[in-house]
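# Structural characterization, general
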Amino acid sequence: MRAGRLALNVPAPETPLFAALAETLGRHVAPEAAGFVHAVFSLDDPDLLVRLLAEAGFDRPEVEASVLTLHLPPAAEFLWQYARSTPLAGVLAQTDDETRAAIERRWSSAGGRSATQTA
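What you see is a predicted model, and the numbers here were worked out from it, not measured in a lab.

### Things to note about the overall build of the chain
Helix and strand counts for the chain come out as six helices and two strands. Helices and strands appear in the chain in the N-to-C order α-α-α-β-α-α-α-β. Within the span of the chain, comprising 119 residues, buried residues form 27% of the whole. Within the structure as shown, the chain displays about 8,000 Å² of accessible surface, and the carbon and sulfur contribution to it stands at 54%. When the 10 positive and 15 negative side-chain charges of the chain are each reduced to one mean point, those points stand 3 Å apart.

Next comes the structure, spelled out in structure tokens:
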């Protein structure tokens with residue numbers, strides 16, 4: 001048996017900002033797009049992580065949580081950077097300008113103007 005450590009970085013529980021993004025994508029794009037956003041935040045339960053690591057063969061898994069504050073670029077810039085760096089890129093590339101504008105408006109109204117986001 002090998003000894004070692006594994007470090008994982010998982011997002012915090014889904015924030016209102018990302019919940020708004022999921023809702024908007026579900027309404028204007030497709031339910032699968034909203035599902036992706038929800039899935040990103042699905043590993044925020046420490047008990048679930050411990051169970052998954054134990055099932056994967058890790059001996060005595062432990063979870064240590066910490067909070068980081070991320071300094072984000074302006075709302076629209078961050079939204080499209082995020083979208084382009086995920087599987088959402090292909091889905092959003094198929095949308096029209098009106099749909100992208102609606103997504104951006106909803107993101108901003110939900111708090112996307114914030115310069116920081118706790119993760």
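The discussion continues.
### Observations regarding the pattern of salt bridges
Applying the stated criterion to the full structure yields five salt bridges. The partner of Arg 51 in a salt bridge is Glu 55, and the shortest N-O contact between them spans 3.2 Å. Here Arg 51 pairs with Glu 55, and both are found in helix α3 (residues 46-55), just four residues apart, close to one helical turn. Using a relative accessible area of 56% as the deciding quantity, one classes Glu 55 as exposed. Via salt bridges that share partners, Glu 23, Arg 27 and Arg 106 belong to a single interconnected network.

### Points about the side chain of Thr 95
By the secondary structure assignment, Thr 95 is in the loop between α5 (88-93) and α6 (97-112). Given a relative accessible area of 14%, Thr 95 falls into the buried group. A polar contact of 2.6 Å, which involves the side chain of Thr 95, links it to the backbone oxygen of Leu 92. Here Thr 95 is in contact with Val 29 and Arg 100, once residues within four sequence places are set aside.

### Brief notes about a nonpolar patch on the surface
The grouping of Leu 6, Leu 8 and Phe 58 at the surface amounts to a nonpolar patch, some 300 Å² of accessible area in total. With respect to the element layout, Leu 8 can be found in the segment before α1 (16-28).

Criteria and thresholds
- Residues numbered from 1 in each chain as written.
- Predicted model: local features only at pLDDT ≥ 70, side-chain atom pairs only at ≥ 80, totals over all residues.
- Heavy atoms only, no water.
- Helix = DSSP H or I, 4+ residues; strand = E, 2+ residues; numbered from the N terminus.
- Buried < 20%, exposed > 50% of the residue type's maximum accessible area, 1.4 Å probe, protein only.
- Areas by Shrake-Rupley, 256 points an atom, 1.4 Å probe, with all protein chains shown as cover.
- Lys, Arg positive; Asp, Glu negative; His and termini not counted.
- Charge placed at Lys NZ, Arg CZ, Asp CG, Glu CD.
- Salt bridge = Lys/Arg side-chain N within 4 Å of Asp/Glu carboxyl O.
- Polar contact = N/O pair within 3.5 Å; in protein donor to acceptor, adjacent residues only side chain to side chain.
- Contact = heavy atoms within 4.5 Å.
- Patch = residues over 30% accessible without salt bridge, like charges linked within 9 Å, V, L, I, M, F, W, Y side chains within 5 Å.

Any link to function would need more than the numbers given here.
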